[in-house]
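Residue-level structure breakdown
Given next are the chains, with one letter for each unit.
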Amino acid sequence: MNRVTSQVDFVHNGNEISGTLFSHYEKGTEKYNTIMFKYKEYGLHISLEEDESYWTVAPLHCKVIDKIEVNGYKQYDKYLSELYSIELNH
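Residues numbered from 1 in each chain as written. Predicted model: local features only at pLDDT ≥ 70, side-chain atom pairs only at ≥ 80, totals over all residues. Heavy atoms only, no water.

**Regarding the overall build of the protein chain**
Under the convention used in this document: Only DSSP runs of H or I reaching four residues or more are called helices, and only runs of E reaching two or more are called strands; each is numbered from the N terminus. Using a 1.4 Å probe on the protein chains alone, a residue whose accessible area is under 20% of its type maximum counts as buried, one over 50% counts as exposed, and one in between counts as partly exposed. It only takes one pair of heavy atoms within 4.5 Å for two residues to be counted as in contact.
Looking only at helices and strands, the protein chain features one helix and four strands. Each helix and strand of the protein chain, ordered N terminal to C terminal, gives the series β-β-β-β-α. Relative to its 90 residues, the protein chain shows a buried fraction of 32%. For the protein chain, restricting intrachain contacts to residue pairs at least 6 apart in sequence, the fraction spanning at least 24 positions comes to 29%.

Written out as structure tokens, the structure reads:
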């Protein structure tokens, strides 16, 4: 599988946040995208569904951190990872 990286920006609460968008390809066909960025000193790496865009999903994760703080987000992220793992195995 090949990967192409792009530097991207999105806006959350009026602040521009920079990140890296990873587009993963297999045999020339785009398979999925992920975005990686830091918010409040916490590194996030988010998988995007086919119909999702980084500029709408990333700010939602920032809102979750604003609401439940970084430690709460770490637990939330753990649950998301477990769900993703279950989806891959079915």
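After presenting the structure, the write-up continues.
**Comments concerning unusual backbone geometry**
With phi around 50°, K40 is a residue other than glycine that occupies positive phi space. Among the secondary structure elements, K40 is positioned in the loop between strand 3 (29-39) and strand 4 (42-48). The class of K40 is partly exposed, set by a relative accessible area of 43%. Unusually for a residue other than glycine, E41 sits at a positive phi of about 65°. By secondary structure assignment, the location of E41 is in the loop between strand 3 and strand 4.

**Some thoughts on the pattern of salt bridges**
The condition that has to hold: Each reported salt bridge corresponds to a side-chain nitrogen of Lys or Arg within 4 Å of a carboxyl oxygen of Asp or Glu.
Overall, the coordinates contain one salt bridge when judged by the stated rule. For the salt bridge of K40 with D66, the shortest nitrogen-to-oxygen distance reads 3.1 Å. Placement of K40 in the loop between strand 3 and strand 4 and of D66 in helix 1 (residues 54-88) is noted, with a sequence separation of 26 residues between them. On the basis of relative accessible area, D66 is assigned to the partly exposed category, the value being 27%.

**Points about the nonpolar core**
Put simply, the test is: Joining through side-chain atoms within 4.5 Å is the link that ties buried Ala, Val, Leu, Ile, Met, Phe, Trp, Tyr and Cys residues into a set, and such a set is a nonpolar core.
Core analysis: the largest hydrophobic core is formed by 18 residues, its most contacted members being F10, I35, F37 and L44. Contributions of two or more residues to this core are made by strand 1 (2-12), strand 2 (15-26), strand 3, strand 4 and helix 1. For this core, the leading source of residues is helix 1, giving seven residues. Setting aside chain neighbours within four positions, we find F10 in contact with N15, E16, I17, I35, F37, Y54, W55, A58, P59 and C62.

**Description of the environment of G43**
In this fold, G43 is placed in strand 4. G43 sits in the partly exposed class, given a relative accessible area of 44%. Taking the C-alpha atoms as reference points, G43 and Y76, 33 residues apart in sequence, are found 14 Å from one another. Apart from residues no more than four positions distant in its own chain, G43 is found in contact with F37 and K38.

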